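Report on the structure
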Amino acid sequence: MIPTARFKQANFQQSTAEDDDDGMEVDTVAPDFGGGPSGSGTAAVAGSSSWMVMPRVDDSNTHWHSKPPMERFIGILDQLDSKVEKLRKEALVLQEKKDFLAMSVDLLRNNEYLTGLDENEREEINCYVQRISGRLSTVELSVCTVRDRAQEDSLHHVNSLIDAVISGPDSVLSRMRCQQFLNACSTSDSSASYSELLDPTMCSDKKFESALLGCTLDDQKTIKKRLQALLTYLTQQTVVQ
């Protein structure tokens, strides 16, 4: 009877030989990293198996073998480039979710209805808010956007103006200011979904518009999404009152 360890090794060697005969385009992950036929972590990485591969320039596959080395390198780099871009987009979505959660926490922290609670209730709510805020701060996401000094200053100015709206004590006034900010965004965005939130009866904030135009295009898109979410929230608050 063959011992289990030797049996697994034999199976792995046989599988490797079959893969070589088939001419795979990529190398599978080594068993030490949880991949391979004998790795116990195979099921754990099944959902991300497309990322757990290593491109091979010297592949014996007929499709690759007929191409010159330079073309093989370019083809593999194109694949990696598309994966990097996909990763950036997914990270940006997560960053937007984190920013939305942070804004929601700030809005609750400054909600005027807190004044209707007694001291013990306010303290309990504030402790809960602090705990959520602390947990959120443990999530660190960083997708770098290339900015020059002027763009950094513009972004800081825009964020300061929006933060002032969030922390404002009067929800009606905050909603009006947010609407003015959003109207200021109309100079560079006229999409249907966005234009529905514009109020033609209200002027735009020129100071905010000037700061916004000094930001990068990626930052402008993020700011508009943030304002849309903020305006929706403030509108609901105003209707409730």
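Below or above, wherever it landed, is the structure these notes cover. (Residues numbered from 1 in each chain as written. Predicted model: local features only at pLDDT ≥ 70, side-chain atom pairs only at ≥ 80, totals over all residues. Heavy atoms only, no water.)

**As for the overall build of the protein chain**
The helix and strand inventory of the protein chain stands at nine helices and two strands. Ordered by position from the N terminus, the helices and strands of the protein chain form the series α-β-β-α-α-α-α-α-α-α-α. The buried share among the 241 residues of the protein chain stands at 25%. Approximately 16,300 Å² of the protein chain is accessible, and the part contributed by carbon and sulfur atoms is 57%. (Helix = DSSP H or I, 4+ residues; strand = E, 2+ residues; numbered from the N terminus. Buried < 20%, exposed > 50% of the residue type's maximum accessible area, 1.4 Å probe, protein only. Areas by Shrake-Rupley, 256 points an atom, 1.4 Å probe, with all protein chains shown as cover.)

**What to know about the packing of aromatic side chains**
Scanning all chains against the criterion turns up one aromatic pair. On the numbers, 4.3 Å between centres and 10° between planes, the contact of Phe181 with Phe208 is stacked. With Phe181 in helix H6 (residues 171–184) and Phe208 in helix H8 (residues 206–213), this pair connects stretches of sequence that are 27 residues apart. (Phe/Tyr/Trp six-rings, centres within 6.5 Å; stacked < 30°, edge-to-face > 60°.)

**Here we look at the environment of Asp118**
Considering the arrangement of structural elements, one finds Asp118 in the loop between helix H3 (69–109) and helix H4 (119–137). At 3.1 Å, the side chain of Asp118 and the backbone nitrogen of Asn120 are in polar contact. For Asp118, the side chain forms a polar contact with the main-chain nitrogen of Glu121, separated by 2.8 Å. (Polar contact = N/O pair within 3.5 Å; in protein donor to acceptor, adjacent residues only side chain to side chain.)

**Looking at helix H5 (residues 149–166)**
The terminal C-alpha atoms of H5, which comprises 18 residues, lie 26 Å apart, in line with the 26 Å expected from a rise of 1.5 Å per residue. What H5 keeps buried is the set Gln151, Ser154, Leu155, Val158, Leu161, Ile162, Val165 and Ile166. Taken down its axis, H5 places every buried residue within 145° of arc, on the same side. Exposed side chains of H5 directed beyond 90 degrees from the buried face belong to Arg149 and His156. (Expected span 1.5 Å × (residues − 1). Arc of directions from axis to C-beta.)

**Thoughts on the nonpolar core**
If you look at the biggest cluster of nonpolar residues, it comprises 22 residues, and the most contacted ones within it are Val158, Ile162, Cys178, Phe208, Ile223, Leu227 and Leu230. Elements that contribute at least two residues to this core include exactly H3, H5, H6, H8 and helix H9 (217–240). For this core, the leading source of residues is H5, giving six residues. Setting aside chain neighbours within four positions, we find Ile223 in contact with Leu155, Val158, Ile162, Phe208, Leu212 and Cys215. (Core = buried A, V, L, I, M, F, W, Y, C linked by side-chain atoms within 4.5 Å. Contact = heavy atoms within 4.5 Å.)

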